[in-house]
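Working through the structure, step by step
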There are 2 protein chains.
Amino acid sequence: MNHRLTARGKERRRQLMEFAAARFAENGYHPTSVAEIVQGMGVGKGVFYWYFSSKEELFLEILRQAQHELRRRQQQAIGEEPDPLRRIELGIRASMSWLAENRHLFTLFQFAASEERFSPSLRRGQDVAVDDVVRHVKEGIVAGRIRDTDPLVLTHAVLGVTNHLARNFIFERGEPADEVANAAVAFCLEGLSPG
Amino acid sequence: MNHRLTARGKERRRQLMEFAAARFAENGYHPTSVAEIVQGMGVGKGVFYWYFSSKEELFLEILRQAQHELRRRQQQAIGEEPDPLRRIELGIRASMSWLAENRHLFTLFQFAASEERFSPSLRRGQDVAVDDVVRHVKEGIVAGRIRDTDPLVLTHAVLGVTNHLARNFIFERGEPADEVANAAVAFCLEGLSPG
DNA sequence: GGGGTTCTTGACCGAGCGGTCATGAACCCC
DNA sequence: GGGGTTCATGACCGCTCGGTCAAGAACCCC
C-alpha cells in the first residue's frame, strides 16, 4: 500500500488497475471479487494487497486517474485557442474521442455516481472540469456570443448533451466519435432551432 | 412469487418495493442486503421470498414500475397539445417535476445503466419514451420548426440536457424543478446562441 | 367450525466475500 | 555473497450473503 515502488512495481500496479477497471466495467464493481482479479492476472492474493490497501481504494484510484486523463486530453486539445466558443467545441470533441477510447471508464463514472460511497470523489473531479468550461462560457457571454444566462447552467447543459450522446451513439450504436461530436457541437450552438 | 395476492398482499408488496427502492438508492443495490430490507420492514425473511423470487427480480420490478410512472406522467402532461415543439416542452417539464419528486428512482436508473445485468431492461423502457419524443421531433422538422437533422440525435440531446440538469440542479443544489425546467427548455430551443 | 388458501416465521445452509499473514523468492547494492 | 528491501504466495479467517424450508398463524368462504 504505502510502499516505495520500483519501475517493475509501478508497472505491475498499472496492470492491476487496468485489468480491474475492465472487470469492474464489465461485471460491476461489487460482483467483481478480488479473487477474480488476481486469478485473471495469474498472481496470488497478496500481490493485490501489496499494491492496494483495499478494493475500495483501488476503485477510487482508477476513478481519480481516469478523470485526470480526461481533463488532460481536454486541455491539450484546447491549447492556446483564443476564441471561447471554439474552446468549448474543442473540449467537446476531445471528450468525445476520449470517451470513445475509454468507454469502460465511462461506465465506472456512471456507477460511481450511483453509490454514495464514491459520488463525492467523482464530483470533486468533475467540478474541476466544469470550472474550465464555465470560464469559457463567461468569456463568451461577455463577448456577446453566448446567451446571457447562468454560465453554470449552460455548462452543465453542454456536458449533459456530450455525455448522453456519447453513451447512446458511440457506445451503443458504435457510431464514429467525430460524427457524434459534430452533432453535439451543433446542438449546443443552436439547440433545436433551424438555422 | 407467482401467487394470487389479496388486497392486503398487494399492499405489502408495494411497501416492500417502496422501502427497498429507498434503501437501494441510499446504500446501493449490492450493499443493501435482503436481511436489511426485511428487518427495516419488521418482518421475517420468508415474507420477502413470498412476494419476490429473488433480490434481482425485485430490482427489475422497481425499475419497470418507475419507468412506467414516468412515462404516464409525460403523456398526461402532453395531453392533446397539437404543437410539436410545445409537446416537447411539456414533456421536459413533466420529466423534471417527476424527477424532483423521485430522485431516489433516478439514482436507481443510473445504477442500472452501469451494470450489464440491468441495463438491457433499462434500455427497453427508455426506448419507448425516446420513440415518443422522436415522433414530436419529426413533426417539428416537417413543419420547418426544427433543424433538419437526425431526429434520434436531437431527441437524445434533449434527454441528455434534461437528465443532467435535473441531477445537478434539482438533486445536488435543491433548485426548484420549474426553474430548472425553464433553463432546460431554453437550452433545447436555442442552445448557447444569443437570441 | 372445518378446510383450503394466503401469508409469516426465523433457524439454517453452502458459498463466497474482503482481508491477513507467516513464509519465502527475487532483486539490488556494497 | 551477505543483507536489506521489494515483491509474491496461497491457506486461512471471520463474516455476511442470497436463498430455503418445515412449521404454523391468519384469514376467508361455505
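The structure displayed is predicted, hence computed values, not measured ones.

Description of the environment of B:Glu116
Position of B:Glu116 relative to the elements: it lies in the loop between helix H6 (103-114) and helix H7 (119-142). As a C-alpha pair, B:Glu116 and B:Ser193 span 77 residues in sequence and 38 Å in three-dimensional space.

Points about the environment of A:Ile146
Along the polypeptide, A:Ile146 turns up in the loop between helix H7 (119-142) and helix H8 (151-171). Given a relative accessible area of 3%, A:Ile146 falls into the buried group. As for A:Ile146 and A:Phe24, which are separated by 122 residues in sequence, their C-alpha atoms are 40 Å apart. Every residue in contact with A:Ile146, bar those within four places of it in the chain, is listed here: A:Leu85, A:Ile88, A:Val137, A:Gly140, A:Ile141, A:Leu154, B:Leu192 and B:Pro194.

Topic: the domain arrangement of chain A
Residue and element names in this part refer to chain A. You can read the domains of chain A as domain 1 (1-53) and domain 2 (63-190). Taking the mean C-alpha position of each, domain 1 and domain 2 sit 29 Å from one another. Counting from both sides, the interface comprises seven residues of domain 1 and, opposite them, nine residues of domain 2. Together, the buried faces of domain 1 and domain 2 total about 590 Å²; carbon and sulfur atoms form 76% of this surface. The interface formed by domain 1 and domain 2 contains one residue pair in polar contact (both at pLDDT 80 or more).

Observations regarding the packing of aromatic side chains
Scanning the entire structure with this criterion turns up 25 aromatic pairs over all chains. Between A:Phe48 and A:Tyr49 the ring centres are 4.9 Å apart and the planes differ by 65 degrees, which places this aromatic pair in the edge-to-face class. Taking 5.3 Å as the distance between ring centres and 80 degrees as the angle between the ring planes, the aromatic pair formed by B:Tyr29 and B:Phe118 counts as edge-to-face. With a gap of 89 residues between them, B:Tyr29 in the loop between helix H1 (7-27) and helix H2 (34-41) and B:Phe118 in the loop between H6 and H7 connect regions that are remote in the sequence. Neither B:Tyr29 nor B:Phe118 differs from the other in exposure class; each is buried.

Conventions and cut-offs
- Chains are numbered independently. Their residues run from 1 in the order of the written sequence.
- Note on labels: chains are lettered from A, ligands numbered from 1, in written order.
- Side-chain atom pairs in this predicted model are given and counted only at pLDDT of 80 or more, local residue features only at pLDDT of at least 70, and totals for whole chains, interfaces and linings cover all residues.
- With hydrogens and water excluded, all non-hydrogen atoms of the structure serve as input to the side-chain values.
- By the criteria applied, helices consist of DSSP H or I runs no shorter than four residues and strands consist of E runs no shorter than two, each listed in order from the N terminus.
- Each residue's exposure class comes from its accessible area (1.4 Å probe, protein chains only) as a fraction of the maximum for that residue type: buried when under 20%, exposed when over 50%, partly exposed otherwise.
- Any two residues whose heavy atoms approach within 4.5 Å at even a single point are treated as in contact.
- Domain delimitation in this document rests on an assignment produced automatically or drawn from a domain database.
- What counts as buried area is the accessible surface, traced by a 1.4 Å probe, that two parts surrender upon association, with contributions from both included.
- Pairs of N or O atoms are called polar contacts if they sit within 3.5 Å, as long as, within protein, a hydrogen donor faces a hydrogen acceptor (for residues adjacent in sequence, only side-chain-to-side-chain pairs).
- The aromatic pairing rule takes the rings of Phe, Tyr and Trp, using the six-membered ring of Trp, and pairs them if the centres are within 6.5 Å, calling planes under 30 degrees apart stacked, those over 60 edge-to-face and the rest tilted.

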